[in-house]
Amino acid sequence: QTPQKKQTLLVVDDDPAINTALAEHWRTNPISYEPVFVESAETALHLLASRPVTAVLTDLHLPDATGLFLLTEINRRYPLIKVIMMTAKPTRETRLKALSLGAVEFIAKPFKIEEIDRLLNELQAHEASGFSGVVKRIEMADLVQLKCATLARVKLVIQSLGQEGVLYFDKGSLIFAQAGELTGPEAFYRMFSWKKGSFEELPYTQPPPRNLPPSWE
């Protein structure tokens, strides 16, 4: 019987020490992905256009772009790819921004490679049903500001104590809000009053008709 072809994991980092350590670890401790190593965002995007990739492990600081730029492009072009961000200089702001842009995890260097293995195993375990996550202890105002500060084209499904609402962002602009039977500004203010809950970020192909004023903040 022909063995099943492994899915591709793209590692984007210009640090030879990191790439060598990961490659040697996975050579002796095989994972369920085929790792491919590149050193720049440009090379990563060329590879993504040429072959299927399931997951990406990228550094925040790349020679030709930021990891946040690469994350945004992956989310826009290939929304099903899961992205793990890593950096030697983590801050609360960059962590929140990376997670708001769709990163499934934000890891500080130095890290234990076994932690990467665990995350990759979790990604594959969730692959059949998709992956969703929760950013804890973030205020609604901060969440909306983070999305408006990016060029992401996503929708946020927000849940709070049995209530559910949805916000659509197009190129960083908030264009649509609905919470139950409420729509437009009323729906936005209803969700804004929620004090706790969870959200899931999802891609979309066609936005609904705008029901919020242009340049809504």
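Our subject is the structure that appears above.
My aim in this report is to walk through the structure given alongside it, one point at a time. (Residues numbered from 1 in each chain as written. Predicted model: local features only at pLDDT ≥ 70, side-chain atom pairs only at ≥ 80, totals over all residues. Heavy atoms only, no water.)

1. Points about the nonpolar core
- The biggest cluster of nonpolar side chains holds 25 residues, and the ones touching the most others in it are Leu10, Val12, Leu48, Val56, Leu70 and Leu71.
- Taken together, the elements giving at least two residues each to this core come down to strand S1 (7-12), strand S2 (33-38), helix H2 (41-50), helix H3 (67-77) and strand S4 (82-87).
- Here this core takes five residues from H2, the largest share from any one element.
- If we ignore the near neighbours within four places in the chain, the residues touching Leu71 are Val83, Met85, Ala98, Leu101, Gly102 and Ala103.
- By size, the runner-up hydrophobic cluster in this structure holds 18 residues, among which are Leu9, Val11, Ala55 and Met86. (Core = buried A, V, L, I, M, F, W, Y, C linked by side-chain atoms within 4.5 Å. Buried < 20%, exposed > 50% of the residue type's maximum accessible area, 1.4 Å probe, protein only. Helix = DSSP H or I, 4+ residues; strand = E, 2+ residues; numbered from the N terminus. Contact = heavy atoms within 4.5 Å.)

2. What to know about unusual backbone geometry
- Look at the link from Lys109 to Pro110: it is a cis peptide, with omega at -5°.
- Of note, Pro110 is situated in the loop between strand S5 (105-108) and helix H5 (113-126).
- Positive phi outside glycine occurs at Leu161, with the angle close to 50°.
- The exposed category is assigned to Leu161, whose relative accessible area is 73%.
- Of note in this structure, Lys171 is not a glycine but carries a positive phi near 55°.
- Relative to the helices and strands, Lys171 is located in the loop between strand S7 (163-170) and strand S8 (173-179).
- Owing to a relative accessible area of 64%, Lys171 belongs among the exposed residues under this scheme.

3. Quick word on the sheet that holds S1
- Pairing in this open sheet of five strands is parallel, and the strands run S2-S1-S3-S4-S5 from one edge to the other. Of all the strands in the sheet, just S2 and S5 have a single pairing partner and so form its edges. Within this sheet the neighbouring strands show an average axis-to-axis angle of 20°, counted without direction.
- Of the strand pairs in this sheet, S4 and S5 are connected by four bridges, and their pairing is parallel. Bridged to Met86 within S5 is Ile107.
- Each of S1, S2, strand S3 (55-59) and S4 touches helix H1 (residues 16-28); the most contacted strand, S2, lies at about 160° to it.
- Its contacts with the sheet place H2 against S1, S2 and S3, and it is angled at close to 165° to S1. (Pairing = 2+ DSSP bridges. Axes fitted to C-alpha atoms, helices over the stretch in contact; angles between N-to-C directions.)

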